Amino acid sequence: MASDALTAGAITVTSKTIPEEQIEKILSTPGIVFTNGHFEYPVSNKEQTGNHLQSVFLIEPIAANKQYVDWIVDDIAGWLESEHIEVDVIFAPAQEAVKIIVDALAKKKNLRTVYWEYLPGGWFGQKVVAGQVKPDERVLVFNGVSQQGRCVGLRLPSFVEKLGGQTVAAAVFAKGTVEGVKDAEKKFGDRLYSTIQVSIPISTPDTCTVCKNDPSKKLIPWTQLKP
Ligand SMILES: [Zn+2]
């Protein structure tokens, strides 16, 4: 699966420091990459409409492996040290798989955690659900997968700002390839960490080429994907 995706160029390893044998093992986890499909992410609800994606990357099966989490966390901690990034708090969506990684990183680096509301289907909520950002604190924003780049580039930093903190760096396990990701790369430079990059074409429902060219291809909510 993942090794096929690597071979096909769908996944690029962007961390220069994670040992090759570790990332190969991590990416061989079954059920992390779904390609050539028609997926909805986030899942539409009464108020909001989700996007249509041809591939999806799931962090959940990776976060379920403690060894893999430790390897990822070691690599992120090494990046913070080599870039001389000083932070007080990690700020992340309260998504179970994300919390596993963030809690491990916080423990290793002796940092506090603040979690933002995460709604079923993949949307951000409107409030902090655990922890607290104190005035002028230096914040690392984190997400497991940033398909669009907007979460770590714009949304999470805007929540941090409203809480009075200062986003000084951003980290994700997997980043996508669309414009929003490039914006986040420009904004943070070396202060944006990613372990891998995954090629994920994203469209709004009205510009989706799958809907247009293959209308019989059922749209599958990402929450229904099982490893
Ligand atoms: Zn579509």
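This section reports on the structure supplied with the text. (Residues numbered from 1 in each chain as written. Predicted model: local features only at pLDDT ≥ 70, side-chain atom pairs only at ≥ 80, totals over all residues. Heavy atoms only, no water.)

## Focus: the packing of aromatic side chains
Piece 1. Enumeration over the complete set of coordinates arrives at eight aromatic pairs.
Piece 2. Between Phe57 and Phe173 the ring centres are 6.1 Å apart and the planes differ by 35°, which places this aromatic pair in the tilted class. On the criterion of sequence distance, the pair formed by Phe57 in strand E5 (residues 56-57) and Phe173 in strand E10 (residues 166-175) is long-range, its members being 116 residues apart.
Piece 3. Residue Phe173 is classed as buried on the basis of its relative accessible area of 0%.
Piece 4. Their ring planes at 45° and their centres at 6.0 Å tell us that Phe91 and Trp116 sit as a pair that is tilted. With Phe91 in strand E6 (residues 89-93) and Trp116 in strand E7 (residues 112-119), the pair connects residues that are 25 residues apart, well separated along the chain.
Piece 5. Through pairs of rings, three or more aromatic residues link up here, namely Phe91, Trp116, Phe124 and Phe159.
Piece 6. Seen from the ring of Tyr115, Lys99 lies directly overhead, with NZ or CZ sitting 5.5 Å from the centre. (Phe/Tyr/Trp six-rings, centres within 6.5 Å; stacked < 30°, edge-to-face > 60°. Helix = DSSP H or I, 4+ residues; strand = E, 2+ residues; numbered from the N terminus. Buried < 20%, exposed > 50% of the residue type's maximum accessible area, 1.4 Å probe, protein only. Lys NZ or Arg CZ within 6 Å of the ring centre and 35° of its normal.)

## Some words on the pairing of strand E9 (residues 138-146)
Taken residue by residue, a regular strand's side chains alternate between the two faces of the sheet.
Piece 1. Burial runs high along E9: eight of the nine residues are buried.
Piece 2. Of the strand pairs in this sheet, E9 and E10 are connected by eight bridges, and their pairing is parallel. Residue pairing across strands places Val139 opposite Thr167, the latter belonging to E10.
Piece 3. Handedness of the crossover is the feature at issue here: the chain leaves E9, passes through helix H6 (residues 150-162), returns alongside E10, and the resulting connection is right-handed. (Pairing = 2+ DSSP bridges. Right-handed = clockwise from strand over helix to strand, strands pointing away.)

## Brief notes about the coordination of the zinc ion
Piece 1. Note on the zinc ion: its protein donors are His38 (NE2), His52 (ND1), Cys208 (SG) and Cys211 (SG). The metal-donor distances range over 2.0 to 2.3 Å.
Piece 2. For the zinc ion, the four donor atoms in the first shell make angles of 102 to 116° at the metal, a pattern classed as tetrahedral. (Donors = N, O, S within 2.8 Å, 3.2 Å for Na, K, Ca; no water. Tetrahedral: all angles 85-135°; square planar, octahedral: opposite > 155°, others 65-115°.)

## Considering the environment of Asn45
Piece 1. Along the polypeptide, Asn45 turns up in the loop between strand E3 (39-41) and strand E4 (51-53).
Piece 2. A C-alpha to C-alpha distance of 10.0 Å links Asn45 and Pro120, two positions 75 residues apart in sequence.
Piece 3. At a separation of 2.9 Å, a polar atom in the side chain of Asn45 contacts the main-chain amide nitrogen of Glu47. (Polar contact = N/O pair within 3.5 Å; in protein donor to acceptor, adjacent residues only side chain to side chain.)

## Describing the packing of helix H2 (residues 20-27) against helix H4 (residues 66-82)
Piece 1. Across the interface, H2 lies against H4 with an axial gap of 10 Å and an inter-helix angle of 135°. On the basis of their axis angle, the class for H2 and H4 is oblique. The way H2 lies across H4 gives a crossing that is left-handed. Here Gln22, Lys25 and Ile26 of H2 lie close against H4, whose contacting residues are Tyr68, Trp71 and Ile72.
Piece 2. Taken together, the residues of the contact of H2 with H4 break down into four nonpolar, one polar and one charged. (Axes fitted to C-alpha atoms, helices over the stretch in contact; angles between N-to-C directions. Parallel < 35°, antiparallel > 145°, perpendicular 65-115°, else oblique. Left-handed = near helix turned anticlockwise from the far one by under 90°. Contact = heavy atoms within 4.5 Å. Nonpolar A, V, L, I, M, F, W, Y, C, P; charged D, E, K, R; others polar.)

## Remarks on the sheet that holds E9
Piece 1. Read from one edge of the open sheet, seven strands run E1-E11-E10-E9-E6-E7-E8, paired in mixed fashion. Of all strands in the sheet, those bounded by a partner on one side alone are strand E1 (11-13) and strand E8 (123-130). Strand after strand, the sheet turns through a mean of 25° between neighbouring axes, direction not considered.
Piece 2. When E6 meets E7, the two strands line up parallel, connected through five bridges. Within E7, the residue paired with Pro93 across the bridge is Trp116.
Piece 3. Running at roughly 140° to E9, H6 makes contact with E6, E7, E8, E9 and E10 of the sheet.

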